[in-house]
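Residues per chain are reported as follows:
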Amino acid sequence: MSSAVVDAPPESFFSPDSVTWRLHADPSFTAGGFRALILQALNPLAMAAVAQIGGFEDDFWGRLGRTTEYVVTVTYGTTAQALRAGARIRGIHRKLRPTDPVTGETFRVDRPDLLLWVHCCQVDSLLSTARRAGLSLTEAEADQYVAEQVRVAELAGIEAAAAPHTVRELADYFTAVRPELRLTADAQAALRGLASPPMATWVRLLTPARPAWQGLAALGIGLLPSWARRMYRLPGLGLTDLAATGAVRTLRTGLLVVPDKWREGPAIRAAKERLSA
């Protein structure tokens, strides 16, 4: 790994005045996360790896929780916490050897191209969703966010030079990688699982959790770029680009009314308390 991670600031990877801090604390974060997961599934090898090591079927909520916890820890935790989280993830990835369903050959989960795909899907999804939801970012701030995320790419094991540093470089990456993408049976299964995850009977019957979750999943699909929706053979799903933008803006506006103490997670509150102290 390059020295940029080793030379990280002594307190944390990101300060409160960073674009990363502001964007990841935005109410649009969850919708952006849905978009990232759905987009990531279009890479055949990445999806084959997820399916073969358990997929979302075996431990849906645990896998989703660990992914969210990792992003939150790197964003708001101390540098030591972020480095430990990164080392743990890299250690897990090093041991995994799934099989290419086409060639039958094993491959490394920590292949640079696969790591870069997951990274770019996350960065693009969180940034594009936040901007469409109404978070005010200048072009320079959007570029700054992509550049700040290079540190996260390094933490995952990606060389800094290989990661996009600007919005234009991020767009160029997706243009270059699109011929490698396709809709596989694993991707279709992942989409079904994401849209209808396991829930306790009482939650399903006595709360609005199921329709609310399915609404977020539909929004995540609507927020995809048009080429990705076409690959899923769901070009509209009732949401045009304009409708998806309106829906995520409405969602964000509604959540902004909720007081910070109820909307913000424990990691953000702990970071604020640490900085205040």
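Everything below is about the structure printed above this text.
A brief structural summary. Keep in mind the model is a prediction, meaning the values are calculated, not measured.

Side note on the overall build of the protein chain
A tally of helices and strands in the protein chain yields 18 helices and zero strands. Over its C-alpha trace the protein chain gives a radius of gyration of 18 Å, about what one expects of a compact globule, namely 19 Å for 277 residues. Taking the principal axes of the C-alpha coordinates as reference, the protein chain spans close to 50 × 45 × 40 Å. Across the 277 residues that make up the protein chain, the buried fraction comes to 45%. Sequence-distant contacts in the protein chain: of pairs separated by 6 or more residues, those separated by 24 or more amount to 72%. Accessible surface, the protein chain as shown: approximately 13,700 Å² in total, 59% of it carbon and sulfur. Between the averaged position of the 31 positive side-chain charges in the protein chain and that of its 27 negative side-chain charges there is a distance of 6 Å.

Details of the layout of surface pockets
Where empty space is left in the structure can be found by rolling a water-sized probe over the atoms. Taken as a whole, the second largest pocket holds about 280 Å³ of empty space. Together, 13 residues line the second largest pocket, and Asp124, Ser128, Val167, Leu170 and Ala171 are the ones closest to its centre. Within the residue set of the lining of the second largest pocket, elements represented by two or more residues are α3 (29–40), α8 (112–133) and α11 (167–177). Among the elements that make up the lining of the second largest pocket, the one with the highest residue count is α11 (five residues). Here the lining of the second largest pocket is composed, by residue class, of eight nonpolar, two polar and three charged.

A look at the packing of aromatic side chains
Counted according to the given criterion, the structure contains six aromatic pairs. Taking 6.3 Å as the distance between ring centres and 75° as the angle between the ring planes, the aromatic pair formed by phenylalanine 13 and phenylalanine 14 counts as edge-to-face. On the basis of relative accessibility, which here comes to 6%, the residue phenylalanine 13 falls in the buried class. Using a relative accessible area of 4% as the deciding quantity, one classes phenylalanine 14 as buried.

A short note on the packing of helix α4 (residues 44–52) against helix α12 (residues 185–195)
Two elements in contact, α4 and α12, have axes whose closest approach is 9 Å; the angle formed by their N-to-C orientations is 60°. The interaxial crossing formed by α4 with α12 has left-handed handedness. Judged by residue contacts, Met47, Ala48 and Ala51 of α4 engage Asp186, Ala187 and Ala190 from α12. Within the contact of α4 with α12, the residues separate by chemical class into five nonpolar, no polar and one charged.

Regarding the packing of helix α6 (residues 60–76) against helix α7 (residues 79–95)
Two elements in contact, α6 and α7, have axes whose closest approach is 8 Å; the angle formed by their N-to-C orientations is 145°. When you trace α6 past α7, the crossing you get is left-handed. Residues Tyr70, Thr73 and Val74 of α6 form the contact with α7, whose participating residues are Gln81, Ala82, Ala85, Gly86 and Ile89. Residues of the contact of α6 with α7, tallied by class, amount to five nonpolar, three polar and no charged.

Notes on a nonpolar patch on the surface
A surface patch of nonpolar side chains, amounting to about 420 Å² of accessible area, comprises Trp202, Leu205 and Leu206. As for its placement among the helices and strands, leucine 206 is situated in helix α13 (residues 201–206). Judged by relative accessible area, leucine 206 falls into the exposed class, the value being 70%.

Considering the nonpolar core
The biggest cluster of nonpolar side chains holds 56 residues, and the ones touching the most others in it are Leu23, Leu39, Leu42, Trp117, Phe174 and Tyr232. With ten residues, α8 is the largest single contributor of residues to this core. Contact partners of phenylalanine 174, with chain neighbours within four places excluded, come to Leu39, Trp117, Cys120, Cys121, Asp124 and Trp227. Ranked by size, the runner-up nonpolar core spans eight residues in total, among them Phe14, Ala82, Ala85 and Leu155.

What to know about the environment of threonine 68
Residue position: threonine 68 is located in helix α6. Remark: the alpha-carbon pair of threonine 68 and glutamate 141, spanning 73 residues in sequence, is separated by 23 Å.

With respect to the pattern of salt bridges
Applying the stated criterion to the full structure yields eight salt bridges. Among the ionic pairs, arginine 111 bridges to aspartate 113, the shortest N-O distance being 2.6 Å.

Some words on α3
Taking 1.5 Å of rise per residue, the twelve residues of α3 would be expected to cover 16 Å, and the 16 Å separating its terminal C-alpha atoms lies within 8% of that figure. Among the twelve residues that make up α3, nine are buried, leaving the element largely enclosed by the rest of the structure. Where α3 is concerned, the buried positions are Phe29, Ala31, Gly32, Phe34, Arg35, Ala36, Ile38, Leu39 and Gln40.

A look at the side chain of serine 28
Relative to the helices and strands, serine 28 is located in the loop between α2 (19–24) and α3. In contact with serine 28, other than residues within four places in its own chain, are Thr129, Ala130 and Ala133.

Parameters and conventions
Residues numbered from 1 in each chain as written. Predicted model: local features only at pLDDT ≥ 70, side-chain atom pairs only at ≥ 80, totals over all residues. Heavy atoms only, no water. Helix = DSSP H or I, 4+ residues; strand = E, 2+ residues; numbered from the N terminus. Rg over C-alpha atoms; globule rule 2.2 N^0.38 Å. Buried < 20%, exposed > 50% of the residue type's maximum accessible area, 1.4 Å probe, protein only. Contact = heavy atoms within 4.5 Å. Areas by Shrake-Rupley, 256 points an atom, 1.4 Å probe, with all protein chains shown as cover. Lys, Arg positive; Asp, Glu negative; His and termini not counted. Charge placed at Lys NZ, Arg CZ, Asp CG, Glu CD. 1 Å grid on protein atoms, 1.4 Å probe; cavity = no way out; pocket = protein on both sides within 12 Å on 5 of 7 lines; lining within 4 Å. Points joined across faces, edges and corners; volume = space filled by probe spheres on them. Nonpolar A, V, L, I, M, F, W, Y, C, P; charged D, E, K, R; others polar. Phe/Tyr/Trp six-rings, centres within 6.5 Å; stacked < 30°, edge-to-face > 60°. Axes fitted to C-alpha atoms, helices over the stretch in contact; angles between N-to-C directions. Left-handed = near helix turned anticlockwise from the far one by under 90°. Patch = residues over 30% accessible without salt bridge, like charges linked within 9 Å, V, L, I, M, F, W, Y side chains within 5 Å. Salt bridge = Lys/Arg side-chain N within 4 Å of Asp/Glu carboxyl O. Core = buried A, V, L, I, M, F, W, Y, C linked by side-chain atoms within 4.5 Å. Expected span 1.5 Å × (residues − 1).

Note that all results are geometric; they support no functional claim without further evidence.
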